[in-house]
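Single-letter residue listing:
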Amino acid sequence: MATTSAPMIAFRDVGKTYPKTTAPVMTGVDLEIQRGELVALIGPSGCGKSTLLNLLAGLTDATTGTIDVAGSAGTDELRSAYVFQNPRLLPWRSVLRNVEFGLEQAGVPGAERRRRANEALELVHLHEHGDKYPHQLSGGMQQRAALARGLALEPDLLLLDEPFGALDALTRGYLQEELLSIVRRFGTTTLLVTHDIDEALLLADRIVVMSSRPARIKRVVTVPFGRERALDSVLAHPQFVPLRHEIRELLRPEVAASDPTVEAGAPEVLSS
Amino acid sequence: MSTHIEAGGRLAHPDGGDPGGPAGSPRDPRRRGGRAAQSAPSGARSRVRRWIRPARVVLAALVILLAWNLAAPHYPGYVLPAPIDVWTSFTSTWSRGVWIEEVWATLQHLLLAFGIVLVAGLPLGIVIGRSTIAEDLSRVVLVFLQTVPTIVLIALALVVAGASTSSVVGVTVAGSITYFLLNVIQGTRAIDQDLVDMARAYRASEGAIMRTVVLPAVVPYFLAGARITLGVAWQITLFAEYLMGAEGIGFQVSSAIKLLDTKAVFMWGLSVVAMTLVLEYGAFRPAERRLTRHVKKG
Ligand SMILES: Nc1ncnc2c1ncn2[C@@H]1O[C@H](COP(=O)(O)OP(=O)(O)O)[C@@H](O)[C@H]1O
Ligand SMILES: [Mg+2]
């Protein structure tokens, strides 16, 4: 990672307590992310991963500490896209018009907007469904449309909250590859929240392992597979299994702590 | 809902139970009647099925008309005029040009008031729905308008502006706007905050959020509110015309009954029924279909 330039994102001692609650969801988070880096966030559910993305998207404010986000090259204006944990499509817009949403807000003119939205739909294999309304799509298709909405923007910063969770294994594998190639092509700085240790290892440059609530950073694992990687070769890499084991062991006590009903042997987050 | 402006039983606005569907909206299960029957296999059978329900409605109308016609001779004309006399009353009023004139006067009152309610009520309702400050400040006025007797509004209007168009319109606006506001407020509160956050995350301005998220989400409530409001506004307009002696159908009814011209009263009543149906099927239903095309059909 190029550490010579200023980081794209810097969390400095960030804490978050939601209004009208007493227990913080996040304490003392320090994290720097470089331009073009793909960072995976992994941690037990309810630990504050979505909250961290919401802080970056400006949807909620940190209670303590500061978050600096640099503008895109040459301007203060940063193009960011957020693919939420649920699709959040506008029910009264066709799928195509939903995918155009971010482009529209960015002031991209009509014809180009349509072209880019169609390309993004093609990428997620929904180009034949552009005229439908969201309720006519399955849950997985809706999630892919939401992904297309984010990708169509060609953002500087891409926030992904478990974007492949609702998809079948084949589609997931295909989209993981597409995502990686797009992100590399455009140099998109990416934060990927995931439950899936393998997914984190396949895609990320670094993996941030979070503790149970309140979220703290437990360990940052640097992934040694290189930036130009073929996903199949990653699986065959001699480091893959040891790293997977290491992360699993890091998460085991956190998952147990976050949900006492989870049996110590087979917590959900580890069963990938 | 109970923590907000008390709606009270007299309001037929959508209640908290189903945030996605106000009364009378296409999602209202009551409107789905007969769908199953209509999706039967095509051919002669389905063509018959498509007509069978309208045919029953027409049949019921004919039965009532027939019963009326049979009953009329047994009562004096000032109690129950015969259908043909009511029709003659219409043709003579029409040929003298009075029908159009009076209907036009009433429609002016009605549509002016209705337009004011929609144009003022939509932004007001959205502001009240989104801001607790606006809610608190408007509460007294809303509760007053909702509970004050219409007859008091009419009396006050007479003092201020006499038996004029502005009196009738003012009373109608004051008496019907809460029905519309409460629907819009309810719709604004039911907006999915996830969608607003989505729009914010994609850098939508407040104006763009209003246009792309808030207004479309409020549309079904807007339509439900508008429909209820129009019904109420009809009643209040006619009532005000009657009591103030302001030009229009209401005044015609009051004059007719003083002369025991009951067939004219029937005629004006049926005229209003006909116009309401024309507005419902000619304006409301098409507007509703256009504005709710995306809605999942049963
Ligand atoms: N708006 C909110 N108000 C209060 N508590 C919240 C809010 N959003 C999330 N939380 C709480 O904060 C914690 C972290 O939530 P979240 O960031 O969604 O976790 P994750 O994405 O890691 O599953 C959870 O305990 C959740 O209940
Ligand atoms: Mg989450």
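All values derive from a computational prediction rather than experimental measurement.

A. Representation of the site of ligand 1. Residues and elements named next belong to chain A. Neighbouring ligand 1 are the residues Tyr18, Val25, Ser45, Gly46, Cys47, Gly48, Lys49, Ser50, Thr51 and Arg213. The contact in question runs from an oxygen atom of ligand 1 to an N or O atom on the backbone of Lys49, over 2.8 Å. Contact with the protein chains removes 61% of the 560 Å² of surface that ligand 1 exposes when unbound. Looking at side-chain class alone, the shell around ligand 1 contains three nonpolar, five polar and two charged residues.

B. Quick look at the coordination of the magnesium ion (ligand 2). Within the protein, the magnesium ion (ligand 2) binds to Ser50 of chain A (OG) and Gln85 of chain A (OE1); these donor distances fall in the range 2.1 to 2.4 Å. Of the two residues, Ser50 of chain A sits in helix α1 (residues 49-57) while Gln85 of chain A sits in the loop between β5 (80-83) and α2 (95-99), which places them 35 residues apart along the sequence.

C. Quick peek at the sheet that holds strand β4 (residues 64-69) of chain A. Residue and element names in this part refer to chain A. Pairing in this open sheet of three strands is antiparallel, and the strands run β2-β1-β4 from one edge to the other. One side of each edge strand has no neighbouring strand; the edge strands of this open sheet are β2 (26-33) and β4. In this sheet, neighbouring strand axes are inclined to one another by 15° on average, regardless of whether the strands run parallel or antiparallel. Pairing of strand β1 (residues 9-16) with β4 involves five bridges; the strand directions are antiparallel. Note on β4: the bridge partner recorded for Arg12 is Thr66. Most of the contacts of α1 go to β1, to which it runs at about 120°, and overall it touches β1, β2 and β4.

D. Structural context of the interface of chain B and chain A. Every contact between the two is made by 20 residues of chain B and, on the other side, 26 residues of chain A. Across the interface of chain B and chain A, roughly 1900 Å² is buried in total on both sides, 63% from carbon and sulfur atoms. The three residues of chain B that bury the most area against chain A are Tyr202, Arg203 and His294 of chain B, which together make up 39% of that side's buried surface. Here chain B is connected to chain A by one salt bridge.

E. Representation of the nonpolar core in the model. Among the nonpolar cores identified, the biggest contains 154 residues, and Leu191, Leu201, Leu203, Ile207 and Ile247 of chain A together with Val213 of chain B are the most heavily contacted of them. Ranked by residue count, the leading element in this core is helix α9 (residues 206-244) of chain B, at 18 residues. If near-sequence neighbours (up to four positions away) are discounted, Ile207 of chain A is found in contact with Ala40, Ile42, Ala200, Leu201, Arg219, Val220, Val221, Val223 and Ile247 of chain A.

F. Up close: the packing of aromatic side chains. Residues and elements named next belong to chain B. In the structure shown here, the tally under the stated rule is eight aromatic pairs over all chains. The interplanar angle of 80° and the centroid separation of 5.4 Å between the aromatic rings of Phe180 and Phe222 together place this pair among those described as edge-to-face. With a gap of 42 residues between them, Phe180 in helix α7 (residues 165-189) and Phe222 in helix α9 connect regions that are remote in the sequence. Here the two residues Phe180 and Phe222 agree in accessibility, since each one is buried. An aromatic cluster of at least three residues, connected via ring pairs, comprises Trp87, Phe90, Trp94 and Trp99.

Rules of the game
Residue positions are given per chain, counted from 1 along the sequence in the order it is written. Lettering for chains starts from A, numbering for ligands starts from 1, and both go in the order in which the items are written. Two thresholds apply to this predicted model, a pLDDT of at least 70 for residue-level local features and 80 or more for giving and counting side-chain atom pairs, whereas whole-chain, interface and lining totals are computed over all residues. Processing note: side-chain calculations cover all non-hydrogen atoms of the structure and skip hydrogens and water entirely. Any residue with a heavy atom positioned within 4 Å of a molecule or strand is treated as near that molecule or strand. Counting of polar contacts relies on pairs of N or O atoms within 3.5 Å, with two restrictions inside protein: one atom must be capable of donating a hydrogen and the other of accepting it, and residues adjacent in sequence are counted only when both atoms are side-chain atoms. All accessible areas in this document rest on Shrake-Rupley with a 1.4 Å probe, and a residue is counted as covered only by the protein chains that are shown. Amino acid classes used here: Ala, Val, Leu, Ile, Met, Phe, Trp, Tyr, Cys and Pro are nonpolar; Asp, Glu, Lys and Arg are charged; the rest, including Gly, are polar. Any nitrogen, oxygen or sulfur atom within 2.8 Å of a metal ion counts as a donor, with the limit raised to 3.2 Å for Na, K and Ca, and since water is left out, coordination shells can look unfinished. Helix and strand definitions here come from DSSP, where helices need a minimum of 4 consecutive H or I residues and strands a minimum of 2 consecutive E residues; each element is numbered from the N-terminal end. Think of it this way: DSSP has to see at least two bridges between two strands before they count as a pair. Orientation is described by axes fitted as lines to C-alpha atoms, over the contacting stretch for helices, and by angles from 0 to 180 degrees between their N-to-C directions. Contact criterion: two residues are considered in contact whenever any of their non-hydrogen atoms come within 4.5 Å of each other. Note on terms: buried area is the combined drop in 1.4 Å-probe accessible area of two parts once they are placed together, counting the loss on both. The salt bridge criterion pairs a side-chain nitrogen of Lys or Arg with a carboxyl oxygen of Asp or Glu, the two atoms within 4 Å. We define the nonpolar core as a collection of buried residues of types Ala, Val, Leu, Ile, Met, Phe, Trp, Tyr and Cys that are connected through side-chain atoms lying within 4.5 Å of one another. Buried residues are those whose accessible area, probed at 1.4 Å on protein chains only, stays under 20% of the maximum for their type, while exposed residues exceed 50% and partly exposed ones sit between those limits. Pairing of aromatic rings covers Phe, Tyr and the six-membered ring of Trp, with a centre-to-centre limit of 6.5 Å; geometry is then stacked below 30 degrees between planes, edge-to-face above 60, and tilted otherwise.

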